[in-house]
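# Structural characterization, general
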Amino acid sequence: MSRDSSAHILAMGDSMLAVHGTSNNGVADVLERELGRAVIDRSVIGARIIYHLPISGSAGMNIGKQFRAGDWDWVVLNGGGNDLWMGCGCLACKRKLDKLAAKDGTSGKIPALIHSIRKTGARVAYVGYLRSPGRGSPIEYCRDEGDELERRVTEYAQHDDGVFIVSLKDMIPNGDRSFHAVDMIHPSRKGSAAIGQRIAAVIKNAPPAE
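As the structure is a computational prediction, the values presented were derived from the model and not from experiment. (Residues numbered from 1 in each chain as written. Predicted model: local features only at pLDDT ≥ 70, side-chain atom pairs only at ≥ 80, totals over all residues. Heavy atoms only, no water.)

## Overview of the overall build of the chain
Our working definition: Put simply, DSSP marks the helices as runs of H or I at least four residues long and the strands as runs of E at least two long, and each gets a number from the N terminus on. When we talk radius of gyration, it's over C-alpha atoms, and the globule rule is simply 2.2 Å times the number of residues to the 0.38. Using a 1.4 Å probe on the protein chains alone, a residue whose accessible area is under 20% of its type maximum counts as buried, one over 50% counts as exposed, and one in between counts as partly exposed. Pairs of residues are marked as contacts when any of their non-hydrogen atoms sit within 4.5 Å. What sets the accessible areas is the Shrake-Rupley method with a 1.4 Å probe; for residues, cover comes only from the shown protein chains. In this tally Asp and Glu are treated as negative and Lys and Arg as positive; neither His nor the chain ends contributes. To locate a charge, take atom NZ for lysine, CZ for arginine, CG for aspartate or CD for glutamate.
The helix and strand inventory of the chain stands at eight helices and five strands. In the chain, the succession of α and β elements from N to C terminus is β-α-α-β-α-β-α-α-α-β-α-β-α. The C-alpha radius of gyration of the chain comes to 16 Å, within 12% of the 17 Å expected for a compact globule of 210 residues. When the backbone C-alpha atoms are referred to their principal axes, the chain occupies close to 40 × 35 × 35 Å. Expressed as a percentage of its 210 residues, the buried residues of the chain come to 50%. The long-range fraction of contacts in the chain, counting pairs at least 24 apart against all pairs at least 6 apart in sequence, stands at 72%. Accessible area of the chain: about 10000 Å², with a carbon and sulfur share of 53%. Taking the average place of the 27 positive charges on the side chains of the chain and the average place of its 24 negative ones, the gap between the two points comes to 4 Å.

## A few points about the sheet that holds strand S4 (residues 123-127)
As a general point, the strands of a sheet are linked pairwise by backbone hydrogen bonds and lie either parallel or antiparallel. Selection criterion: In short, DSSP must find at least two bridges between two strands for them to pair. Under this scheme, a helix contributes an axis fitted over its contacting stretch, all axes are lines through C-alpha atoms, and angles between N-to-C directions fall in the 0 to 180 degree range.
Within the open sheet, the five strands sit side by side as S2-S1-S3-S4-S5. Their pairing is parallel. Single-partner strands in this sheet number two, and they are strand S2 (39-41) and strand S5 (163-166). Ignoring strand direction, the axes of neighbouring strands in this sheet form an average angle of 20°. Note that strand S1 (residues 9-12) and S2 share three bridges and pair parallel. When the sheet's bridge partners are listed, Ile 9 is paired in S2 with Val 39. On the sheet, helix H8 (residues 189-205) packs against strand S3 (74-77), S4 and S5 and is oriented at approximately 150° with respect to S5.

## Regarding empty space enclosed by the protein
Defined as follows: Here a cavity means grid points, on a 1 Å grid over the protein atoms only, where a 1.4 Å probe fits yet cannot get out; a pocket means an open set of points with protein on both sides within 12 Å along at least five of seven lines; lining residues are those with an atom within 4 Å of a point. Grid points are joined across faces, edges and corners, and a volume is the space filled by probe spheres set on the points. Each residue receives one of three labels: charged for Asp, Glu, Lys and Arg, nonpolar for Ala, Val, Leu, Ile, Met, Phe, Trp, Tyr, Cys and Pro, and polar for the others, Gly being one of them.
Tallied over the full model, the rule gives one cavity of 30 Å³ or more. Computed from the structure, the largest cavity encloses a volume of approximately 50 Å³. Taken together, Tyr 126, Gly 128, Tyr 129, Arg 131, Gly 146, Leu 149 and Glu 150 make up the full set of residues lining the largest cavity. It is helix H7 (residues 143-157) that provides the largest number of residues to the lining of the largest cavity, a total of three residues. Looking at the lining of the largest cavity, its residues break down into three nonpolar, two polar and two charged.

## Considering the packing of helix H5 (residues 93-100) against H7
Defined as follows: Roughly parallel covers angles under 35 degrees, roughly antiparallel covers those over 145, roughly perpendicular covers 65 to 115, and oblique covers all other angles. The sense of a crossing depends on the near helix, which, turned anticlockwise from the far helix by less than a right angle, makes the crossing left-handed and, turned clockwise, makes it right-handed.
Axis separation between H5 and H7 bottoms out at 10 Å; the angle between their running directions is 20°. Taken together, H5 and H7 sit at an angle that is classed as roughly parallel. In terms of crossing hand, the pair formed by H5 and H7 is right-handed. Residue-level contacts link Cys 93, Leu 97, Asp 98 and Leu 100 of H5 to Glu 145, Glu 148, Leu 149 and Arg 152 of H7. Grouping the amino acids of the contact of H5 with H7 by side-chain chemistry returns four nonpolar, no polar and four charged.

Limitation: the analysis is restricted to geometry and does not speak to function.
This is how it looks when you write it as structure tokens:
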């Protein structure tokens, strides 16, 4: 991850991006190497989209507050998983989903955050979540909610050509545990590398900004 103040790519989100960052093997590190461009990584393990505590929120636990003004060409963003898995405890997922993004994608915390970033002129690459390989994962039963969250944000993106969805839905072969760390929640180094490469491909193949 770069600390170069002239960087034009910002990564913000939760542990899916942040894990392996201390060993320079996080998603932002891979993205930086793939693109040959500096990337500032402000993602934080455990961060949420909906987070009300002011001090720790300002320290990055609130994903929206990870944003800092800059001359960003791209903002790579993920979030919502901790809100669903840890935030609702499988008891209020529908209500939490609706807060994160409405069914038609037109409102909610994630669309509002993307809209605020887009107003700065940066393009946004919103990254979905790794899916369970179908065995051994404590988040196996969150698969439907993850799919629905991604669908809702995709609905929003269809109305803004500066928003790109990086789906990871088809990344994990059934039964393949190698893309996950031993906790079967976070990506392994192989998983982080695959995510970074997929984001890089989206950025490389995007049409020139108008």
